[in-house]
Amino acid sequence: MAEAQAASPTLSRTAEGRAPYGVPLPLRALLQYMPPIADDKLYSAQRTAIENLERSLAADRPRALIQMTMGSGKTFTAVSSVYRLIKHAGATRVLFLVDRSNLGQQALGEFQRYVTPDDGRKFTELYNVQHLHSNHIDPVARVCITTIQRLYSMLQGEEELDPELEERSAFDTLSALVKTPVPVAYNPNVPIETFDVIFTDECHRSIYNLWRQVLEYFDASLIGLTATPSKQTLAFFNQNLVMEYGGEQAVADGVNVDHDIYRIRTQITEAGSKIEAGYVVDFP
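Residues numbered from 1 in each chain as written. Predicted model: local features only at pLDDT ≥ 70, side-chain atom pairs only at ≥ 80, totals over all residues. Heavy atoms only, no water.

Asker: So what's going on with the overall build of the chain? Residues and values would help.
Answerer: Helix and strand counts for the chain come out as 12 helices and 7 strands. Counting the 284 residues in the chain, one finds 47% classified as buried. Sequence separation of at least 24 residues holds for 72% of the intrachain contacts in the chain that already meet a minimum separation of 6. Roughly 15300 Å² of accessible area belongs to the chain as shown, and the carbon and sulfur atoms make up 51% of that amount. (Helix = DSSP H or I, 4+ residues; strand = E, 2+ residues; numbered from the N terminus. Buried < 20%, exposed > 50% of the residue type's maximum accessible area, 1.4 Å probe, protein only. Contact = heavy atoms within 4.5 Å. Areas by Shrake-Rupley, 256 points an atom, 1.4 Å probe, with all protein chains shown as cover.)

Okay, here's the thing in structure tokens:
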């Protein structure tokens, strides 16, 4: 059983040697005293991303964007950052927002496999991680993993959400169907201070057209993770690109393997195809 289960849902923010006379310090204050990163499992780029992010948060910049090419370990970087924010900055609860349900399961696996560098135990042995399959947050969960579909459903006060709605990307498929921004009103069961930090995976998607209100509802620092940021993504994160790590650099660093691109010709790509009468096609 994780240690956090014995703690109160409203955990005081303290760090070793940083809270004299038992007075808890706020997260923003503790971010000024983050210890050096001592994790030999991190690549140089991952270490730099975490350091830059922590400096940005300490400077009270509420939004930050991490751009790292595919295969360079964005999720591992995020998990490492979450651990430091909880352990050293006293973050009470972190949200990890994913594109669709199966990516949430992959993210959960990253947290379960993560071995803490200073303790030697796994993340989930120290802190409770909840992959939401219902519309109820465990009060002792230090990390919540969910899709924006379920998060919106929770804010709407719905008791449950059809799991099939999480199987496909809301960032793409629902944006083709929803033409106006989704309405969000205050829900006392999910207060705005529910999360201290929100990590948004695959944030290059179209979330910021129609679904941004769901994120902006919370009084939390927003951190985006992407391999290919769009202009609208950069704008949403106030141009605060704390890490930029492209494919060529990853190959040069030996993190990724180089590749060649081949164009394959098929009958459809060369001659096109036809859509049968009565077939419905959704498009933005």
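Alright, that's what it looks like, and here's the rest.
Asker: Requested: an account of the sheet that holds strand β5 (residues 197-200), with residues and values cited.
Answerer: Strands sit in the order β3-β4-β2-β5-β6-β1-β7 across an open sheet of 7 strands; the sheet is parallel. In this open sheet, the two edge strands, each paired with only one partner strand, are β3 (129-131) and β7 (241-245). Strand after strand, the sheet turns through a mean of 15° between neighbouring axes, direction not considered. When strand β2 (residues 94-98) meets strand β4 (residues 143-147), the two strands line up parallel, connected through 5 bridges. Bridge pairing in β4 links V94 to V143. In this fold helix α2 (residues 44-58) packs onto β1 (63-68), β5, β6 (221-226) and β7, with an angle of close to 170° to the strand it touches most, β7. Along the sheet, helix α3 (residues 74-87) contacts β1, β2, β4, β5 and β6; its crossing angle with β5, the most-contacted strand, is approximately 175°. (Pairing = 2+ DSSP bridges. Axes fitted to C-alpha atoms, helices over the stretch in contact; angles between N-to-C directions.)

Asker: Account for helix α4 (residues 101-113), with residues named and values stated.
Answerer: If you check α4, its first and last C-alpha atoms are 19 Å apart, about what 13 residues at 1.5 Å a residue would give, namely 18 Å. If you check which residues of α4 are buried, you get S101, L103, G104, A107, L108, G109 and F111. In the core, the buried residues of α4 are packed alongside α3, β2, α5 (123-126), β3 and β4. (Expected span 1.5 Å × (residues − 1).)

Asker: Break down the nonpolar core for me, with residues and values.
Answerer: Core analysis: the biggest nonpolar cluster contains 47 residues, and I66, F96, F111, F123, I145 and F199 have the highest contact counts within it. Within the second largest apolar cluster, 25 residues are counted, among which are L132, F195, W211 and F236. (Core = buried A, V, L, I, M, F, W, Y, C linked by side-chain atoms within 4.5 Å.)

Asker: I'd like to hear about the packing of aromatic side chains, residue by residue, with values.
Answerer: Per the stated rule, a full pass over the model turns up 13 aromatic pairs. Geometrically, the ring pair formed by Y83 and F123 is edge-to-face, given 6.2 Å between the ring centres and 65° between the ring planes. In this pair, Y83 is assigned in helix α3 and F123 in helix α5, connecting sequence segments 40 residues apart. Its relative accessible area of 0% is what places F123 among the buried residues. Positioned over the ring face of F236 is R63, at 4.2 Å from the centre of the ring. (Phe/Tyr/Trp six-rings, centres within 6.5 Å; stacked < 30°, edge-to-face > 60°. Lys NZ or Arg CZ within 6 Å of the ring centre and 35° of its normal.)

Asker: Give a description of the side chain of T147 that names residues and reports values.
Answerer: With respect to the helices and strands, the residue T147 is situated in strand β4. On the basis of relative accessible area, T147 is assigned to the buried category, the value being 1%. Separated by 3.2 Å, the side chains of T147 and Q149 make a polar contact. A polar contact of 2.7 Å, which involves the side chain of T147, links it to the side chain of E166. Aside from chain neighbours lying at most four places away, what touches T147 is L97, V98, R100, S101 and E166. (Polar contact = N/O pair within 3.5 Å; in protein donor to acceptor, adjacent residues only side chain to side chain.)

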